[in-house]
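Structure at a glance
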Amino acid sequence: MIVAEQKPLAEMKTLINGAENVLVVGCGTCVTVCFAGGTREADIVSTSLRMATKLDGSPQQVTHSTVQRQCEWEYLDIIEEQVKAADIVLSLGCGIGVQAIAEHFPDAWVVPGLNTSFLGLPTEHGVWEERCAACGECLLAVTGGICPVARCSKSLLNGPCGGSENGHCEIDPDVACAWQLIVDRMSSKGKLDALLEIQPPKNWQNSRDGGPRKIVRQDLRLVEFED
Amino acid sequence: MEGDCHYLEGNLNARRRVEYVQNLLEEIGLDGRRIRMFNISSAMGAQFAGYASELAATIREVGPNPLRDYQAYLAEQQEAVASGMV
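Throughout, a residue's number is its position along its own chain's written sequence, starting from 1. Think of it this way: whatever chain is written first is A, whatever ligand is written first is 1, and the rest follow in order. Residues qualify for local features only when their pLDDT is at least 70, as the model is predicted, and side-chain atom pairs are given and counted only at 80 or more; totals for whole chains, interfaces and linings, by contrast, use all residues.

Attention shifts here to the overall build of chain B. Secondary structure summary: chain B contains 3 helices and 0 strands in total. Runs of H or I in DSSP of at least four residues are treated as helices and runs of E of at least two as strands, each being numbered from the N terminus. Across chain B, helices and strands are ordered from the amino to the carboxyl terminus as α-α-α. Radius of gyration means the value over C-alpha atoms here, while the globule rule gives 2.2 Å times the residue count to the 0.38 power. Here chain B has a C-alpha radius of gyration of 17 Å; the compact-globule value for 86 residues is 12 Å, and the former is much larger. Principal axes of the C-alpha set define a box for chain B whose edges measure 45 × 35 × 20 Å. Considering chain B as a whole, with its 86 residues, one finds that 1% of them fall into the buried category. Here, residues touch in the contact sense if the C-beta positions derived from the backbone fall within 7 Å of one another. Put simply, of all contacts in chain B between residues at least 6 apart along the chain, 27% involve residues at least 24 apart. Three classes are used. A residue is buried when 20 or more other C-beta atoms lie within 10 Å of its own, exposed when 12 or fewer do, and partly exposed in between, with C-beta atoms placed from the backbone.

Shown next, in the form of structure tokens:
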């Protein structure tokens, strides 16, 4: 899932400063399950902003609504009237949600209420950890299902480095050495020898280095949208 | 007592949630001292009274909820008492 966390309330107040009517928009997918921007959080944020701005002596009308999926335009139609009535939309979606609202409602001014952090999973209640860097060329088959791009601090494709100590990374003893995990897993599967094969330099053009990415599936496209 | 809860680790979880609400109240500007958690058993009447007095003293120091029109609230309460509704 996409993992995000809320910006401090003080920063949200700055972002909505001067607006008479503010619409807080939550999202029912990733940010709901990481407790950053679902229905409950949208309610708490809008209530908090109403109280905080009233205490500051410049009360703002803050309402909230949550869509099932902020990152697809068709799910945004349901809030069209609320967006039109708002001076500012405070999105509690990930960065994709913020941009989807801005693109779908060109007249609206949209600001982010979250900091989108990473692609990861919950490892215990209240703890999320990064698992994928969306590098565009998945290597998990050669590393036993453990991603060195996302989980090794140096994103080494041939590890571990000299900073691996007792299974931990030199940057922080709380960070597991991804290559130790990879070696342990490959050993447990009897496939340690596979790691003797040197991985060539990765084609980072499939990642961010190649600029903004796009996938086109001709089989799914509709004739009316063809170039 | 902390960690010794009828719901096992329930009061340890509750402590973290109370801290969350305290921080939220601080961020809003309502003073986080308005909420506090004490761990006492049902056999600790004297301690209960002591904590209640302590919290009441804190609340007096913090003052009434600034979001509420306190004078209007008092008038409402007096009116309710006068009409026999309370």
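Here the focus is the overall build of chain A. Scanning chain A from N- to C-terminus turns up 7 helices and 9 strands. In terms of overall size, chain A is more extended than a compact globule, its C-alpha atoms giving a radius of gyration of 22 Å where 227 residues would be expected to give roughly 17 Å. Counting only C-alpha atoms and orienting by the principal axes, one finds that chain A spans roughly 65 × 50 × 25 Å. Taking all 227 residues of chain A together, the buried fraction comes to 32%. Pairs at least 24 apart in sequence give 57% of the contacts found in chain A among residues at least 6 apart.

Another aspect to go through is the interface of chain B and chain A. Contacts between the two partners involve 7 residues from chain B and, on the opposite side, 8 residues from chain A. Gly is put with the polar residues, along with every residue not named as nonpolar or charged; the nonpolar set is Ala, Val, Leu, Ile, Met, Phe, Trp, Tyr, Cys and Pro, and the charged set is Asp, Glu, Lys and Arg. In the side of chain B that touches chain A, the residues fall into 5 nonpolar, 1 polar and 1 charged.

Right, let's talk about the sheet that holds strand β2 (residues 21-27) of chain A for a bit. Residue and element names in this part refer to chain A. If DSSP finds at least two bridges between two strands, the strands pair. One open sheet accounts for 4 strands, arranged β3-β2-β4-β5; its pairing is parallel. Here the strands that pair on one side only, and so sit at the sheet edges, are β3 (61-67) and β5 (110-112). Ignoring which end each strand starts from, the neighbouring axes of this sheet average 25° apart. Relative to β5, strand β4 (residues 88-91) runs parallel, the two being bridged by 3 bridges. Opposite Leu-90, over in β5, you have Val-111 as the bridge partner. The strands touched by helix α3 (residues 39-55) within the sheet are β2 and β3, with β3 carrying the most contacts at an inclination of about 175°. Seen against the sheet, helix α5 (residues 95-104) touches β2, β4 and β5 and runs at an angle of roughly 175° to β5. Throughout, an axis means a line fitted to C-alpha atoms (over the contacting stretch in the case of helices), and angles, computed between N-to-C directions, take values from 0 to 180 degrees.

With that out of the way, let us pick up the environment of A:Met12. Mapped onto the fold, A:Met12 is located in helix α1 (residues 9-15). Residue contacts for A:Met12: discarding those within four places in its chain leaves A:Lys7, A:Val45, A:Leu49, A:Leu90 and A:Gly113.

Residue and element names in this part refer to chain A. A sheet is described by the order of its strands in space; here 3 strands give the open sequence β1-β6-β7, paired in antiparallel fashion. Edge positions in the sheet fall to β1 (2-6) and β7 (127-132), since each has one partner strand and no second. Pairwise comparison of adjacent strand axes, ignoring direction, gives a mean angle of 70° for this sheet. Pairing of strand β6 (residues 114-124) with β7 involves 5 bridges; the strand directions are antiparallel. Of the residues in β7, the one forming a bridge with Gly-120 is Glu-130.

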